[in-house]
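Tertiary structure, described
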Amino acid sequence: MSDNNNYTDNSFNLYQAYSYTLLLQIEATSFSYAIVNDTSLLVSAQNCDLHELVQPKALNDLLSATYKKVIIGMPATGLTLVPGSLFSEEKVSGFARFLDVKDSEKVFAQTLDDVNAIIYKTDERLVSSVEKFGLQNTVYTAKGWIKAIAKSSPPNNNLYLEVSKDKVQFLYFSLNALRFYNTFEFKNEDELAYFTSFVTDELKLKPQFITLVVSGDVAAGDKNLSRLAYFFPKVELNGLKVLELPGQMVSHKFLALAALSLCGSSEAA
């Protein structure tokens, strides 16, 4: 994220952590966190130094508290989707061979939605940084985002984008069923527009008939949205809200982190 979006509600009391949920969203060099009480946001911060997870200083009290629930969104250096009907724990190692797993990576597997499972690999260094919170509490980072959009009854003419500093995730539903999900790394607004066009071509979607619904590290009129609007007539910010947010917090920038609250846990393979 381009800003920290730090927030602390006046009602937050760390001595009541046992009744709160801690959400952690891990990235390659940083992490974001939120503390939630039911559907109310109590604390949040984004773009935090990853060293705070390993050897916390400023966040020591907050990260060492005992929470009712912890949900950790983990990024992927490679992934594959598998129909749930073909998925079993015994087959994970076989599917993982397609990911070219390196010695410095660890493989995770979990259900993604009602009909798909996801097998993904991530940097072992990141796994070590969250191990103390319990690897059984990890989920794929986009699982909540996908679940939140699925629950919103997405129309067939919406293509969803979640944009971070150098990565974009694409999500498309047809007849309320997940039809497409993938991620791409991009360096500038032209590459973002290129990958968006590539995805729409693959899905045989006409730019004039679809709406790009964008969340993440974007703002109205910025270079990324402006470039997308050059090729796609309908571009809008995702106004979906998973949690009750304070008025000063922009919901589309917080969606992926907040949506982790909808997730359960997975198992490491």
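All values derive from a computational prediction rather than experimental measurement.

Our focus in this paragraph is the sheet that holds strand 3 (residues 30-37). Spatial ordering of the open sheet is given by 1-4-3-2-5-9, a layout of 6 strands whose pairing is mixed. One side of each edge strand has no neighbouring strand; the edge strands of this open sheet are strand 1 (7-8) and strand 9 (138-140). Where strand 2 (residues 21-26) and strand 5 (residues 69-74) come together, 5 bridges link them in parallel fashion. For leucine 22, the partnering residue across the bridge sits in strand 5 and is valine 70. Across the sheet, helix 8 (residues 251-258) touches strand 2, strand 3 and strand 4 (40-49), and the angle it forms with strand 4 is around 90 degrees.

Attention now moves to the layout of surface pockets. The calculated volume of the largest pocket comes to roughly 840 Å³. Taken together, 35 residues make up the lining of the largest pocket; nearest its centre are Glu27, Ala28, Ser164, Asp166 and Lys167. Those elements giving two or more residues to the lining of the largest pocket turn out to be strand 2, strand 6 (78-83), strand 8 (116-123), helix 4 (124-130), strand 10 (158-163), strand 11 (167-174) and strand 12 (177-185). Classifying every residue of the lining of the largest pocket by side-chain character gives 14 nonpolar, 12 polar and 9 charged. If you add up the space inside the second largest pocket, you get close to 230 Å³. Around the second largest pocket sit 13 residues that line it, and Leu112, Asp113, Asp114, Lys147 and Ala150 are the ones nearest its centre. Of all elements in the fold, only helix 5 (143-151) and strand 12 reach the threshold of two or more residues within the lining of the second largest pocket. Sort the elements by how many residues they give to the lining of the second largest pocket and helix 5 lands first, with 5 residues. Grouping the constituent residues of the lining of the second largest pocket by class yields 7 nonpolar, 1 polar and 5 charged.

This part is about unusual backbone geometry. Excluding glycine, residues mostly have negative phi values, and the peptide bonds linking residues are mostly trans. The backbone phi angle of leucine 175 is positive, close to 55 degrees, even though this residue is not glycine. Exposure remark for leucine 175: the relative accessible area of 70% places this residue in the exposed category. The phi torsion at lysine 204 lies on the positive side, around 60 degrees, for a residue other than glycine. Along the chain, lysine 204 turns up in the loop between helix 6 (189-202) and strand 13 (211-216). Since its relative accessible area comes to 72%, lysine 204 is described here as exposed.

This part covers the environment of aspartate 166. Position of aspartate 166 relative to the elements: it lies in the loop between strand 10 and strand 11. On the accessibility criterion, aspartate 166 (46% relative accessible area) is partly exposed. On a C-alpha basis, the gap between aspartate 166 and leucine 192 in space is 9.2 Å, while along the polypeptide they are 26 residues apart. Beyond its immediate chain neighbours, meaning those up to four positions away, aspartate 166 contacts Phe184, Glu185 and Phe186.

Per the stated rule, a full pass over the model turns up 10 aromatic pairs. For the ring pair phenylalanine 31 and tyrosine 33, a centre distance of 6.3 Å and an interplane angle of 35 degrees mean the geometry is tilted. Classification of phenylalanine 31 as buried rests on a relative accessible area of 1%. Judged by its relative accessible area of 7%, tyrosine 33 falls in the buried class.

All right, on to the sheet that holds strand 12 then. If you trace the 5 strands from one edge of the open sheet to the other, you get 12-11-10-13-14, paired in mixed fashion. Strands with a single pairing partner mark the edges of an open sheet, and in this sheet they are strand 12 and strand 14 (235-237). Along the sheet, successive strands turn relative to each other by an average axial angle of 25 degrees, direction set aside. Across 8 bridges, the pairing between strand 11 and strand 12 is antiparallel. Paired with phenylalanine 170 across the strands is asparagine 182, a residue of strand 12. Packed on one face of the sheet, helix 5 meets strand 10, strand 11, strand 12 and strand 13 and runs near 30 degrees to strand 11. The strands that helix 8 touches are strand 10, strand 13 and strand 14; relative to strand 13, the one it contacts most, it runs at about 70 degrees.

Let's shift gears to the pairing of strand 2. Of all 6 residues that make up strand 2, 6 are buried, and the element is covered over most of its length. The alternating pattern of strand 2 places Thr21, Leu23 and Gln25 and Leu22, Leu24 and Ile26 on opposite faces, both of which are buried. Where strand 2 lies against strand 3, 6 bridges are found, and the strand directions are antiparallel. Its bridge partner being in strand 3, glutamine 25 is matched across the sheet by serine 32. The hairpin turn running from strand 2 into strand 3, its antiparallel successor, is 3 residues long.

Calculation rules
- Residues numbered from 1 in each chain as written.
- Predicted model: local features only at pLDDT ≥ 70, side-chain atom pairs only at ≥ 80, totals over all residues.
- Heavy atoms only, no water.
- Pairing = 2+ DSSP bridges.
- Helix = DSSP H or I, 4+ residues; strand = E, 2+ residues; numbered from the N terminus.
- Contact = heavy atoms within 4.5 Å.
- Axes fitted to C-alpha atoms, helices over the stretch in contact; angles between N-to-C directions.
- 1 Å grid on protein atoms, 1.4 Å probe; cavity = no way out; pocket = protein on both sides within 12 Å on 5 of 7 lines; lining within 4 Å.
- Points joined across faces, edges and corners; volume = space filled by probe spheres on them.
- Nonpolar A, V, L, I, M, F, W, Y, C, P; charged D, E, K, R; others polar.
- Buried < 20%, exposed > 50% of the residue type's maximum accessible area, 1.4 Å probe, protein only.
- Phe/Tyr/Trp six-rings, centres within 6.5 Å; stacked < 30°, edge-to-face > 60°.

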